[in-house]
Structures are given as C-alpha cells and as structure tokens.
Amino acid sequence: RRSGLCRIGVEAERRCEAQLRRQAMEAAAAHPDYPMWSALLRWSLAQQGDGTGAPAQPMAREKREFLERVMKEYTVDHASRIAELLERVARWAAVADASSSEETASSSPSSSATVAAFEELEELVDSLDFARDLAKLGGLRTTLDVL
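Quick notes on the rules
- Residues numbered from 1 in each chain as written.
- Predicted model: local features only at pLDDT ≥ 70, side-chain atom pairs only at ≥ 80, totals over all residues.
- Heavy atoms only, no water.
- Helix = DSSP H or I, 4+ residues; strand = E, 2+ residues; numbered from the N terminus.
- Buried < 20%, exposed > 50% of the residue type's maximum accessible area, 1.4 Å probe, protein only.
- Contact = heavy atoms within 4.5 Å.
- Areas by Shrake-Rupley, 256 points an atom, 1.4 Å probe, with all protein chains shown as cover.
- Polar contact = N/O pair within 3.5 Å; in protein donor to acceptor, adjacent residues only side chain to side chain.
- Core = buried A, V, L, I, M, F, W, Y, C linked by side-chain atoms within 4.5 Å.
- Salt bridge = Lys/Arg side-chain N within 4 Å of Asp/Glu carboxyl O.
- Expected span 1.5 Å × (residues − 1).
- Axes fitted to C-alpha atoms, helices over the stretch in contact; angles between N-to-C directions.
- Left-handed = near helix turned anticlockwise from the far one by under 90°.
- Nonpolar A, V, L, I, M, F, W, Y, C, P; charged D, E, K, R; others polar.

Student: Kindly report on the overall build of the protein, identifying the contributing residues and their values.
Tutor: When its secondary structure is counted, the protein shows eight helices and zero strands. Residue burial in the protein is summarised as follows: out of 147 residues, 14% are buried. Contacts in the protein between residues far apart in sequence, at least 24 positions, make up 66% of those at least 6 positions apart. Taken as a whole, the protein presents about 12,100 Å² of accessible surface, with 57% of it coming from carbon and sulfur.

Dropping the structure here:
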C-alpha cells in the first residue's frame, strides 16, 4: 500500500513536470525571436562532436596552442589598451611641458597621434565598465592635466 501511494505521488510529479515543460515551450514559442533561437539551438546541437557519436576527446596540444594564439590576436584587453593610450597622452604632455630637446622631441608622439588617442579613449569609456577602468588607472588625473 505504501509503495502504491509513492507511485501515485511520482506519477503526479511527472505529470506536473510535463505540464510545466509544455507551458515553458508554449511561452518560448510565443516569443518573436523563437524561430531564430530554435534554429541556432538545432545547428549547435548538430555541430556537437564529430558526428560519429563518439565521446569528446581532449584537444590536441597543437590545436589548443593555435586556438589560444588566435584568441589572443583577436581579443582586446581594454584595460591594457586604456593604459597604453594614457601613457601616450602623458608622454606627449611631458614633452609639451618640458623644454624641447632633440632627444625628447624625436621620441614623443605627435599632436595628431595624441588627439587620436583621446578619441579612442572617448570611445572606450562610453562603456561604464571601461570608464571605471580609466578612473582606476589614474586616467582622470592625466586627462585633466593635459586639458
């Protein structure tokens, strides 16, 4: 008798889960982007593995190194880019303030390069996270000093 009650409870739970699953699917299907996301999910699932059904294997060392190299080349570390741009601006400001000698004038960036650095900084700090990075790197002080 006790196992019969447990079985009824399990069956009710399964029906409830199935009903919730159906409601979730209906709600997802009602979303205007559902066909696109559904197609993307089907494509992603089809790309899993090599098509043979064999379990995934660890990536070969050569492939991993290639992937890491490509990812480093095509991703940007915005904080380090901001620091690089600030350094360029600060170097220009230091040269502009100091007496111009042959050595410092040849190693300093031009005014147009500094303006380009400021324009790139402006684009980067449009994002609040990158603006916070600018402040943490002391960029506000450098910017105000140059202006």
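So much for the structure itself; the text now carries on.
Student: Could you give an account of the side chain of threonine 143, naming the residues involved and the relevant values?
Tutor: With respect to the helices and strands, threonine 143 occurs in helix 8 (residues 139-146). According to the relative accessible area criterion, threonine 143 is buried, its value standing at 18%. Ignoring any residue separated from it by four or fewer positions in sequence, one finds threonine 143 in contact with Leu86 and Phe118.

Student: Hey, could you go over the side chain of arginine 81 for me, with residue numbers and the actual values?
Tutor: On the secondary structure map, arginine 81 appears in helix 4 (residues 78-97). A distance of 2.4 Å separates polar atoms of two side chains, one belonging to arginine 81 and the other to glutamate 84. Those residues in contact with arginine 81 that sit more than four places away from it in its chain are Val76, Arg88, Glu120 and Leu124.

Student: Residue-level account of the nonpolar core, with values.
Tutor: Core analysis: the biggest nonpolar cluster contains 10 residues, these being Ile82, Leu85, Leu86, Val89, Ala93, Ala117, Leu121, Leu124, Leu134 and Val146. Mapped by element, the contributors of at least two residues to this core are helix 4 and helix 6 (111-124). At five residues, the largest contribution of residues to this core is made by helix 4.

Student: Quick one: what's the story with the pattern of salt bridges, residue by residue and with numbers?
Tutor: With the rule as written, the count across this model stands at seven salt bridges. In this structure, glutamate 120 engages arginine 81 in a salt bridge whose closest nitrogen and oxygen atoms are separated by 2.7 Å. Pair noted here: glutamate 120 is in helix 6 and arginine 81 is in helix 4, with a separation of 39 residues, a long-range link. In this structure, arginine 141 engages aspartate 145 in a salt bridge whose closest nitrogen and oxygen atoms are separated by 3.4 Å. With arginine 141 and aspartate 145 both in helix 8 and four residues apart, the pair spans about one turn of that helix. Residue classification places arginine 141 among the exposed positions, given a relative accessible area of 55%. In this structure, a network of salt bridges that share partners links the residues Arg61, Glu62 and Glu65.

Student: Outline helix 4, listing residues and values.
Tutor: For helix 4, spanning 20 residues, the distance from its first C-alpha to its last is 28 Å, which sits close to the expected 28 Å at 1.5 Å a residue. Looking only at helix 4, the buried set comprises Arg81, Ile82, Leu85, Leu86, Val89, Ala93 and Val95.

Student: Go over the packing of helix 4 against helix 6 with me, naming the residues and quoting the values.
Tutor: One can describe the packing of helix 4 onto helix 6 by two numbers: an axis separation of 9 Å at closest approach and a directional angle of 145°. The two elements helix 4 and helix 6 cross, and the hand of that crossing is left-handed. Side by side, helix 4 and helix 6 meet where His78, Arg81, Ile82, Leu85, Leu86, Arg88, Val89 and Trp92 of the first sit next to Ser111, Ala113, Thr114, Ala117, Phe118, Glu120, Leu121 and Leu124 of the second. Class assignment for the residues of the contact of helix 4 with helix 6 results in 10 nonpolar, three polar and three charged.

Geometric values such as these leave the question of function open.
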